[in-house]
Amino acid sequence: MNSFHRGRRLRRTPVLREMVRETSLSAADLIMPYFVTETDDASFRQPISSMPGQFQLSLAELEKEVAEAVKLGVRSVLLFGIPAVKDELGSGAYASEGIVQKAIRMIKKNWPDLVVIADCCLCEYTSHGHCGIIAKGDSVGHVLNDATLDLLAQTAVAQAEAGADIIAPSDMMDGRVLAIREALDKAGFEEIPVMSYAVKYASAYYGPFREAAESAPRFGDRRTYQMDPANAQEALREMQADIEEGADLFIVKPGGPYQDIIRLMHDSFDVPLVAYQVSGEYSMICAAAQNGWIDRKAVIMESLIGLKRAGSKMIITYFTAEVLREGWVR
Ligand code: PBG
Ligand code: ZN
């Protein structure tokens, strides 16, 4: 063999491999999602069948869960709420006593330093399951964009008033970052950042989440507001719009199947990116691991480092508590 390049020289020992490693993962990169249910049953702890290891939790159970997470080193959580009653206008989302607002107050009272991110959307709270207002008689689920903005802005302010550290709009209405930014500023929350789901695809990988959050649309689908999976150029425009509207942090979602998009965003814009490893990505790894088809730890870690390598700074993942508990990430 006559070759100057021998890649194996730097792969010879674990320490050498560590020294030349280009990407790393640390506890501060990870965000743990939770589902909190509005219920009188304080011991409510309902397993989500399509997401093994994840639960719908009462406020009291969430408190226990977060207490453990904080001990493990979890730095940040993302909250989704499941209200006791849903209505046409999703009023539970912006009620001052809405379930997420209660959860935020509980968490911030106990753990002021934990970064609490509030998912800002209506789909968990609307009777039809869409992310905004639906016109009377509509059966395809064409959400009314501008009418919805006001409710999203109210939701963001209610979450900030409860003590949320970051507002994360996931609805994909046009102009919602600006509407939320203006409403937050007007209410005196000019220092509360917006983590926009800037590039969010109409993805089948959200399937398990819709069981978890009881938020599947009753009719139609989300394709008139979430992005077409075939599009990459369009992601540049979505990102540009959210930058101009004043977003601070930018989510690409799903994560793994859209690593090309994360890379494109990283190379095109100088902004902090967040990858959302969504429910379907989580469930697929769990299912294959349960069958003994893949090595659970190795695939989890490879999936997470892949999202960092693609260019994201942070990762929202349901594996956060597990990787810290197991000491796979510190
Ligand atoms: C609500 C929302 C969804 C997710 C996060 N926020 C579902 C959807 O848009 O249907 C998906 C998260 C996941 O699958 O883990 N707008
Ligand atoms: Zn939604």
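Residues numbered from 1 in each chain as written. Chains lettered and ligands numbered in written order. Predicted model: local features only at pLDDT ≥ 70, side-chain atom pairs only at ≥ 80, totals over all residues. Heavy atoms only, no water.

Structural notes on the environment of N231
And then number 1: Summarising the element assignment, N231 is placed in the loop between α6 (207-212) and α7 (233-244).
And then number 2: Distance in space between the C-alpha atoms of N231 and V77 is 30 Å, their sequence separation being 154 residues. (Helix = DSSP H or I, 4+ residues; strand = E, 2+ residues; numbered from the N terminus.)

Observations regarding the nonpolar core
And then number 1: Membership of the largest hydrophobic core comes to 109 residues, with the highest contact counts inside it found for L62, L79, I107 and M195.
And then number 2: Broken down by element, this core gets its largest block of residues, eight residues, from helix α4 (residues 145-162).
And then number 3: Apart from residues no more than four positions distant in its own chain, I107 is found in contact with L62, V66, V77, L79, P112, L114 and V116. (Core = buried A, V, L, I, M, F, W, Y, C linked by side-chain atoms within 4.5 Å. Buried < 20%, exposed > 50% of the residue type's maximum accessible area, 1.4 Å probe, protein only. Contact = heavy atoms within 4.5 Å.)

Notes on the packing of helix α9 (residues 279-290) against helix α10 (residues 296-310)
And then number 1: The interhelical angle for the contact between α9 and α10, taken along N-to-C directions, is 160 degrees, at an axis separation of 9 Å. By the angle between their directions, the pair α9 and α10 is classed as roughly antiparallel. Where α9 crosses over α10, the two elements pack in a sense that is right-handed. Every residue of α10 that contacts α9 at Y282, I285, C286 and A289 is listed here: R296, V299, I300 and S303. (Axes fitted to C-alpha atoms, helices over the stretch in contact; angles between N-to-C directions. Parallel < 35°, antiparallel > 145°, perpendicular 65-115°, else oblique. Left-handed = near helix turned anticlockwise from the far one by under 90°.)

Digging into unusual backbone geometry
And then number 1: Of the consecutive residues K253 and P254, the connecting peptide bond is found in the cis state with omega at -10 degrees.
And then number 2: For M172, which is not glycine, the phi dihedral falls at a positive 70 degrees.
And then number 3: Along the chain, M172 falls in the loop between β8 (166-169) and α5 (176-186).
And then number 4: Looking at M172, the relative accessible area reads 5%, which means it is buried.
And then number 5: Even without being a glycine, E214 presents a positive backbone phi close to 50 degrees.
And then number 6: Here E214 shows up in the loop between α6 and α7.
And then number 7: The class of E214 is partly exposed, set by a relative accessible area of 37%.

Side note on the coordination of the zinc ion (ligand 2)
And then number 1: Each protein donor to the zinc ion (ligand 2) is listed here as C121 (SG), C123 (SG) and C131 (SG); together their distances run 2.2 to 2.3 Å.
And then number 2: For the zinc ion (ligand 2), the four donor atoms in the first shell make angles of 99 to 120 degrees at the metal, so the coordination geometry reads as tetrahedral.
And then number 3: Each donor residue of the zinc ion (ligand 2) belongs to the same chain, with the gaps between them written as C-x1-C-x7-C. The exposure classification of C121 matches that of C123, with both residues buried. (Donors = N, O, S within 2.8 Å, 3.2 Å for Na, K, Ca; no water. Tetrahedral: all angles 85-135°; square planar, octahedral: opposite > 155°, others 65-115°.)

What about the confidence of the model for the protein chain?
And then number 1: Summarising the model, the protein chain shows a mean pLDDT of 97, and 100% of its residues fall at 70 or more.
And then number 2: Per-element confidence in the protein chain ranges from a low mean pLDDT of 94 for α6 to a high of 99 for strand β12 (residues 314-317). (pLDDT = per-residue confidence, 0-100.)

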